[in-house]
Amino acid sequence: MSAQEQLNKETIKIYQKISRHVPEIEWKIHAPLIEKINKLKKEKNAVILAHNYQTPEIYHGVADIAADSLALAVEASKTSADIIVLCGVHFMAETAKLMSPNKKVFIPDMGAGCSLAESLTGNDVRLLKKKYPGVPVVSYVNTSADVKAETDICCTSANAVKVVESLKTDKVIFLPDQHLANYVAKQTKVKIISWKGSCIVHEQFSAKEIKDIRSANPGIKVIGHPECPDDVLEACDFAGSTGGMIDYVKKNQPKKVMLVTECSMSDNVQADNPKVDFIKPCNLCPYMKKITLNKILDCLENETNEIFIEDKISKAARKSVQRMAEIGR
Ligand code: 13P
Ligand code: SF4
């Protein structure tokens, strides 16, 4: 078999799945990279964990597991691979390292940040603890290891209410997403002390946009991420983590749907649910989009961009992430 025939054999099924979302001219560049990455993964006993916002050629082409941030953290702790390549943003790779401290964890681009994680530091948390002595700190997993080290327990949007209520207190400091904090406050009697962080992707949606889309598409189901502002979530039929949104589409198979979240997710979910019609508002996460097949290959080949966390920070941060994982979904 010629090299070209071999390449076609190994990648044709992937392309059939995502051909609506990846132009043929781009596929010619992606296919050989996908073949090389998948071969190298086996040789090095590496696993690729990818967030649901990764592009279709990563999500469907090379990811061993594609999931929301809670599932990625749990999967990182369970894997028997020697190497984890985290295709997502920096806090996700740090979380994987906290969950699997003895594995080598890499991120294809160290510059893949997050506006929420950048909105506060460990020192900010120390000051808040002084201001509200004795009040437990719940931090969204979208934070640095420094912040996690000052945190009692982490959460994701998949388990935020459950985590807050698990503390059995009348007040919690909830960091750093103001919109997720509002979402939680509406579902619990616990008083939520929040921070002013926000996600640059989800804060761009508006209730007016949803209203207009509903009028143009009668019967459409609108599903939002809890990082969206309050009035946007009010205009949605359902809110959940990226994993929760995917499950909703899978189970309900709506005729037409709009996912009020990052662009690539609609493409990824549509490829798995071909009967569902998607209306796609396009708000890109510039951080997630820093991850490319070329950079993943470089990570695997040259072991570049390894994640290291200082021992002192790592010990304290690990506890808050493990507590979150124990609470589950
Ligand atoms: P999920 O935990 O829902 O995957 O969300 C992570 C994220 O960064 C959303 O913007
Ligand atoms: Fe951070 Fe928002 Fe990007 Fe998620 S979508 S990684 S919260 S900036």
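Residues numbered from 1 in each chain as written. Chains lettered and ligands numbered in written order. Predicted model: local features only at pLDDT ≥ 70, side-chain atom pairs only at ≥ 80, totals over all residues. Heavy atoms only, no water.

## Section: the environment of Q253
Here is step 1 of the chain: Looking at where Q253 falls in the secondary structure, it is placed in the loop between α12 (242-252) and β11 (256-260).
Here is step 2 of the chain: Separated by 77 residues in sequence, Q253 and P176 have C-alpha atoms that sit 34 Å apart.
Here is step 3 of the chain: Contacts of Q253, omitting those with residues within four sequence positions, involve Y248, N273, K275 and V276. (Helix = DSSP H or I, 4+ residues; strand = E, 2+ residues; numbered from the N terminus. Contact = heavy atoms within 4.5 Å.)

## Concerning the pairing of strand β1 (residues 46-51)
Here is step 1 of the chain: Most of β1 is tucked away: 6 of the 6 residues are buried.
Here is step 2 of the chain: Every second residue of β1 is oriented toward a common face, with A46, I48 and A50 on one face and V47, L49 and H51 on the other, all of them buried.
Here is step 3 of the chain: Here β1 runs beside strand β2 (residues 65-67); their pairing, made up of 3 bridges, is parallel. The residue bridging H51 from the neighbouring strand is A67, located in β2. (Buried < 20%, exposed > 50% of the residue type's maximum accessible area, 1.4 Å probe, protein only. Pairing = 2+ DSSP bridges.)

## Remarks on the sheet that holds β11
Here is step 1 of the chain: On the basis of which strands lie adjacent, the open sheet formed by 4 strands has the order β10-β9-β11-β12 and parallel pairing. Two strands lie at the open edges of the sheet, namely β10 (238-239) and β12 (277-279), each paired on one side alone.
Here is step 2 of the chain: Bridge count for β11 against β12 is 3 bridges, and the pairing is parallel. Paired with V257 across the strands is F278, a residue of β12.
Here is step 3 of the chain: Packed onto the sheet, α12 meets β9 (221-224), β10, β11 and β12 and runs at close to 160° relative to β9. (Axes fitted to C-alpha atoms, helices over the stretch in contact; angles between N-to-C directions.)

## Some details on the packing of aromatic side chains
Here is step 1 of the chain: Scanning all chains against the criterion turns up 2 aromatic pairs.
Here is step 2 of the chain: Between Y15 and W27, the ring centres sit 4.7 Å apart and the planes meet at 20°, which makes this aromatic pair stacked. Of this pair, Y15 sits in helix α1 (residues 3-18) while W27 sits in helix α2 (residues 24-43); the two residues are 12 residues apart in sequence, bridging distant segments of the chain.
Here is step 3 of the chain: Aromatic pair F238 and Y248: ring centres 4.9 Å apart, planes at 25°, arrangement stacked. Placement of F238 in strand β10 and of Y248 in helix α12 is noted, with a sequence separation of 10 residues between them.
Here is step 4 of the chain: Seen from the ring of W195, K196 lies directly overhead, with NZ or CZ sitting 4.0 Å from the centre. (Phe/Tyr/Trp six-rings, centres within 6.5 Å; stacked < 30°, edge-to-face > 60°. Lys NZ or Arg CZ within 6 Å of the ring centre and 35° of its normal.)

## Details of the environment of V190
Here is step 1 of the chain: As for its position among the elements, V190 is in the loop between α9 (178-185) and β8 (191-194).
Here is step 2 of the chain: The exposure class assigned to V190 is buried, which follows from its relative accessible area of 12%.
Here is step 3 of the chain: For the pair V190 and M110, spaced 80 residues apart in sequence, the C-alpha separation works out to 37 Å.
Here is step 4 of the chain: Ignoring sequence-local partners within four residues, the contact set of V190 consists of V164, T169, D170, K171 and V172.

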